[in-house]
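Architecture and fold: a report
As a plain string of letters, each chain reads:
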Amino acid sequence: QVQLVESGGGLVQPGGSLRLSCAVSGIIFSIYNLAWYRQAPGKQRELVAGLTSGFRTNYVDSVKGRFTISRENALNTVFLLMNSLKSEDTAVYYCQMSRARDQYWGQGIQVTVSS
(Lines give C-alpha, C1' and ligand atoms only; values in the text may rest on other atoms or scores of the structure.)
Protein backbone atom coordinates (compact mmCIF):
# COMPACT_ATOMS: atom_id res chain seq x y z
CA GLN A 1 0.00 0.00 0.00
CA VAL A 2 1.39 3.36 -1.05
CA GLN A 3 1.40 6.03 1.63
CA LEU A 4 2.46 9.67 1.47
CA VAL A 5 2.52 11.46 4.82
CA GLU A 6 3.17 15.19 5.01
CA SER A 7 4.53 16.99 8.05
CA GLY A 8 6.04 20.32 9.02
CA GLY A 9 3.13 22.65 8.40
CA GLY A 10 1.68 25.15 10.83
CA LEU A 11 1.38 28.83 11.61
CA VAL A 12 4.24 31.18 10.74
CA GLN A 13 4.62 34.94 10.61
CA PRO A 14 5.18 36.76 7.32
CA GLY A 15 8.85 36.58 6.39
CA GLY A 16 9.31 33.33 8.25
CA SER A 17 10.27 29.88 7.04
CA LEU A 18 8.90 26.35 7.14
CA ARG A 19 10.12 23.06 5.79
CA LEU A 20 7.52 20.56 4.66
CA SER A 21 8.36 16.88 4.48
CA CYS A 22 6.57 14.05 2.72
CA ALA A 23 7.55 10.57 3.75
CA VAL A 24 6.70 7.88 1.22
CA SER A 25 6.32 4.16 1.75
CA GLY A 26 5.15 1.17 -0.23
CA ILE A 27 6.68 2.10 -3.57
CA ILE A 28 10.02 2.45 -5.37
CA PHE A 29 10.50 6.11 -4.55
CA SER A 30 13.52 6.93 -6.70
CA ILE A 31 11.86 6.35 -10.09
CA TYR A 32 8.96 8.71 -9.51
CA ASN A 33 8.63 12.40 -10.26
CA LEU A 34 7.67 14.43 -7.22
CA ALA A 35 5.74 17.62 -6.71
CA TRP A 36 4.16 19.91 -4.17
CA TYR A 37 0.76 21.41 -4.89
CA ARG A 38 -1.30 23.81 -2.83
CA GLN A 39 -4.92 24.85 -2.62
CA ALA A 40 -6.05 28.05 -0.99
CA PRO A 41 -9.68 28.58 0.06
CA GLY A 42 -11.87 29.29 -2.95
CA LYS A 43 -9.04 28.63 -5.41
CA GLN A 44 -8.01 25.77 -7.63
CA ARG A 45 -5.18 23.49 -6.67
CA GLU A 46 -1.94 24.70 -8.25
CA LEU A 47 1.46 23.20 -8.85
CA VAL A 48 4.02 24.90 -6.61
CA ALA A 49 7.19 22.95 -7.35
CA GLY A 50 8.19 19.85 -9.27
CA LEU A 51 11.23 17.60 -9.15
CA THR A 52 11.83 14.83 -11.64
CA SER A 53 13.51 11.51 -10.95
CA GLY A 54 16.45 13.05 -12.79
CA PHE A 55 16.54 15.97 -10.34
CA ARG A 56 15.19 18.63 -12.70
CA THR A 57 13.14 21.28 -10.91
CA ASN A 58 10.42 23.72 -11.86
CA TYR A 59 8.54 26.31 -9.80
CA VAL A 60 5.50 28.49 -10.15
CA ASP A 61 6.60 32.07 -10.68
CA SER A 62 5.19 33.29 -7.38
CA VAL A 63 7.59 31.12 -5.34
CA LYS A 64 10.75 31.29 -7.43
CA GLY A 65 13.70 32.32 -5.31
CA ARG A 66 11.81 31.60 -2.08
CA PHE A 67 10.92 27.89 -2.19
CA THR A 68 13.20 24.92 -2.80
CA ILE A 69 12.07 21.38 -3.54
CA SER A 70 14.45 18.52 -2.84
CA ARG A 71 14.41 14.77 -2.43
CA GLU A 72 16.37 12.30 -0.37
CA ASN A 73 16.00 8.93 -2.05
CA ALA A 74 17.72 7.13 0.80
CA LEU A 75 14.96 8.38 3.13
CA ASN A 76 12.08 8.08 0.64
CA THR A 77 11.27 11.69 1.44
CA VAL A 78 10.60 14.87 -0.51
CA PHE A 79 11.00 18.29 1.07
CA LEU A 80 9.77 21.79 0.39
CA LEU A 81 11.78 24.54 2.04
CA MET A 82 9.75 27.73 2.11
CA ASN A 83 11.48 31.00 2.94
CA SER A 84 10.23 34.59 3.03
CA LEU A 85 6.68 33.38 3.44
CA LYS A 86 3.83 35.68 2.52
CA SER A 87 0.18 35.70 3.49
CA GLU A 88 -0.70 34.58 -0.02
CA ASP A 89 1.23 31.35 0.58
CA THR A 90 -1.49 30.29 3.01
CA ALA A 91 -2.99 27.06 1.72
CA VAL A 92 -3.23 23.34 2.18
CA TYR A 93 -0.10 21.81 0.69
CA TYR A 94 -0.10 18.35 -0.92
CA CYS A 95 2.79 16.18 -2.02
CA GLN A 96 2.34 14.12 -5.16
CA MET A 97 4.21 11.34 -6.93
CA SER A 98 3.74 10.55 -10.60
CA ARG A 99 5.12 8.24 -13.25
CA ALA A 100 3.38 7.64 -16.56
CA ARG A 101 -0.30 7.29 -15.61
CA ASP A 102 0.33 6.52 -11.94
CA GLN A 103 -0.37 9.27 -9.43
CA TYR A 104 -0.33 9.25 -5.65
CA TRP A 105 -1.28 12.05 -3.27
CA GLY A 106 -0.71 12.87 0.35
CA GLN A 107 -3.56 13.91 2.62
CA GLY A 108 -2.50 17.56 2.72
CA ILE A 109 -1.13 19.79 5.43
CA GLN A 110 -2.12 23.31 6.41
CA VAL A 111 0.30 26.21 6.12
CA THR A 112 -0.91 29.52 7.50
CA VAL A 113 1.11 32.71 7.16
CA SER A 114 -0.23 35.38 9.46
CA SER A 115 0.89 37.89 12.05
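Residues numbered from 1 in each chain as written. Predicted model: local features only at pLDDT ≥ 70, side-chain atom pairs only at ≥ 80, totals over all residues. Heavy atoms only, no water.

**As for the state of the cysteines**
If you walk through the whole model with that rule in mind, you get one disulfide. The disulfide that involves C22 links it to C95, with 2.0 Å between the sulfurs. The chirality of the disulfide connecting C22 with C95 is right-handed, given an S-S dihedral of about 45 degrees. Within this pair, whereas C22 is found in strand β3 (residues 18–25), its partner C95 is found in strand β9 (residues 91–99), the two being separated by 73 residues in sequence. No difference in accessibility class separates C22 from C95, as the two residues are buried. (Disulfide = S-S within 2.5 Å. Helix = DSSP H or I, 4+ residues; strand = E, 2+ residues; numbered from the N terminus. Buried < 20%, exposed > 50% of the residue type's maximum accessible area, 1.4 Å probe, protein only.)

**Points about unusual backbone geometry**
With a phi close to 55 degrees, N76 is a non-glycine residue in the positive phi region. Unusually for a residue other than glycine, S84 sits at a positive phi of about 50 degrees. Tracing the backbone through its elements, the reader meets S84 in the loop between β8 (77–82) and β9. With relative accessibility at 40%, the residue S84 sits in the partly exposed group.

**Examining the sheet that holds strand β7 (residues 67–72)**
A sheet is described by the order of its strands in space; here four strands give the open sequence β1-β3-β8-β7, paired in antiparallel fashion. Both edges of this open sheet fall to β1 (3–7) and β7, since each of them pairs with a single strand only. Neighbouring strand axes in the sheet, compared pairwise and without regard to direction, differ in orientation by 15 degrees on average. Bridge count between β1 and β3: five bridges; the pairing is antiparallel. Bridging from a neighbouring strand, Q3 pairs with S25 of β3. (Pairing = 2+ DSSP bridges. Axes fitted to C-alpha atoms, helices over the stretch in contact; angles between N-to-C directions.)

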